[in-house]
Amino acid sequence: MAAGTHQGAVSHEHLDYYLDEFTFRFNRRTSRSRGKLFYRLMQNAVRMPPTSYQDLIQGVRGRTGKGDHNI
């Protein structure tokens, strides 16, 4: 497997996200319509409610607050 999905370690709190991404990539590994990947991603993105920045960073280890971005 390429290092794109699994980067050496998976924390318990991110396991569900890792498995979702792995499943997505695994199910599309032999797709002949790879151009549709972006189209399908956009379809799913607009179906989901927006996620706030606070929701994204909630529970990030070592976060101190002011301007401490993990990007």
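In this text, all values refer to a predicted model and were calculated from it rather than measured experimentally. (Residues numbered from 1 in each chain as written. Predicted model: local features only at pLDDT ≥ 70, side-chain atom pairs only at ≥ 80, totals over all residues. Heavy atoms only, no water.)

(A) Here's a closer look at the pattern of salt bridges. In the structure shown here, the tally under the stated rule is 1 salt bridge. Of the charged contacts in the structure, one is a salt bridge between glutamate 21 and arginine 25, with a shortest N-O distance of 2.7 Å. Linking glutamate 21 with arginine 25, this pair stays in helix 1 (residues 15-27), spanning 4 residues, or about one helical turn. For glutamate 21, a relative accessible area of 30% corresponds to the partly exposed category. (Salt bridge = Lys/Arg side-chain N within 4 Å of Asp/Glu carboxyl O. Helix = DSSP H or I, 4+ residues; strand = E, 2+ residues; numbered from the N terminus. Buried < 20%, exposed > 50% of the residue type's maximum accessible area, 1.4 Å probe, protein only.)

(B) Expanded view of the packing of aromatic side chains. Summed over the entire model, instances satisfying the criterion amount to 2 aromatic pairs. Each ring, one from tyrosine 18 and one from phenylalanine 22, has its centre 6.3 Å from the other, and the planes form 35°; the classification is tilted. Linking tyrosine 18 with phenylalanine 22, this pair stays in helix 1, spanning 4 residues, or about one helical turn. The class for tyrosine 18 is buried, based on a relative accessible area of 17%. Arranged with centres 6.1 Å apart and planes meeting at 15°, the rings of phenylalanine 22 and phenylalanine 26 form a pair that is stacked. Of the two residues, phenylalanine 22 and phenylalanine 26 both sit in helix 1, 4 residues apart, roughly one turn of that helix. Judged by its relative accessible area of 31%, phenylalanine 22 is partly exposed. Positioned above the aromatic ring of phenylalanine 26 is the side chain of arginine 29, whose terminal nitrogen or guanidinium carbon lies 3.7 Å from the ring centre. (Phe/Tyr/Trp six-rings, centres within 6.5 Å; stacked < 30°, edge-to-face > 60°. Lys NZ or Arg CZ within 6 Å of the ring centre and 35° of its normal.)

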